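So the chains spell out like this:
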Amino acid sequence: MNVAAQAPADSSKKRGNILAVIVIILALVVIGGVFSSLANTPSCPGELIGAWTTTAQGYEDKVLLITKKGLAFNSGEGTAEGQAVLRLEAIPDGPRTLYTIVYGASRGDEQVLSFHYHPREQTITFKTQSRLVWTRKTVYS
């Protein structure tokens, strides 16, 4: 009688242990995924980091701020809109590099900024507005 009463208790204890192991494994997978996604966050290269301005008419008071992990646009009216860099692509294009930065608060709020970086002049020109030449005024480390 004593043996029969112990069998169900041992069985439920084994199920509890298996469940605990499964929960621990799932937790480790989730934590690993979070660390992996943080490690894969793109960084802007040093040649782009800083405050960029232009003297083009209508844009004199605008600033494009590029940091390692984000972009901020200052419209000159005291407001700035910062966004995280989600993806970054650099393609050599002759003496220039075409950068495409996908940024936003989340994947559902993605925006794209494409521009050429000219290493000799250390300027950037937006792909859609080549007449606007931006120069880096302040470099942040």
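Note: the structure precedes this text.
Note that the coordinates shown come from a computational prediction; the quantities given were computed from them, not determined experimentally.

### So, the packing of aromatic side chains
Working step 1: One pass over the structure, following the stated rule, counts 4 aromatic pairs.
Working step 2: With a centroid separation of 5.7 Å and 45° between ring planes, the pair formed by Phe73 and Tyr103 is classed as tilted. Of this pair, Phe73 sits in strand β3 (residues 70–74) while Tyr103 sits in strand β5 (residues 96–104), and the two are 30 residues apart along the sequence.
Working step 3: Residue classification places Tyr103 among the buried residues on the basis of a relative accessible area of 7%.
Working step 4: Aromatic pair Phe126 and Trp134: ring centres 5.4 Å apart, planes at 50°, arrangement tilted. The same class applies to Phe126 as to Trp134, namely buried.

### Structural notes on the sheet that holds strand β2 (residues 63–66)
Working step 1: With antiparallel pairing, the 8 strands of this closed barrel are ordered in space as β1-β2-β3-β4-β5-β6-β7-β8. Put simply, the sheet's adjacent strands are angled 35° from each other on average, direction ignored.
Working step 2: For strand β1 (residues 50–53) and strand β8 (residues 129–138), the ladder comprises 3 bridges, and the chain directions are antiparallel. Along β8, the bridge assignment pairs Thr53 with Thr135.

### With respect to the nonpolar core
Working step 1: Judged by nonpolar contacts, the single largest core of 19 residues is most densely connected at Leu64, Ile66, Phe115 and Ile124.
Working step 2: Secondary structure elements with two or more residues in this core: β2, β5, β6 (111–118), β7 (123–126) and β8.
Working step 3: Among residues more than four places away in sequence, those in contact with Ile124 are Leu48, Trp52, Leu64, Phe115, His116, Tyr117, His118, Leu132, Val133 and Trp134.

What counts, and where the lines are drawn
- Residues numbered from 1 in each chain as written.
- Predicted model: local features only at pLDDT ≥ 70, side-chain atom pairs only at ≥ 80, totals over all residues.
- Heavy atoms only, no water.
- Phe/Tyr/Trp six-rings, centres within 6.5 Å; stacked < 30°, edge-to-face > 60°.
- Helix = DSSP H or I, 4+ residues; strand = E, 2+ residues; numbered from the N terminus.
- Buried < 20%, exposed > 50% of the residue type's maximum accessible area, 1.4 Å probe, protein only.
- Pairing = 2+ DSSP bridges.
- Axes fitted to C-alpha atoms, helices over the stretch in contact; angles between N-to-C directions.
- Core = buried A, V, L, I, M, F, W, Y, C linked by side-chain atoms within 4.5 Å.
- Contact = heavy atoms within 4.5 Å.

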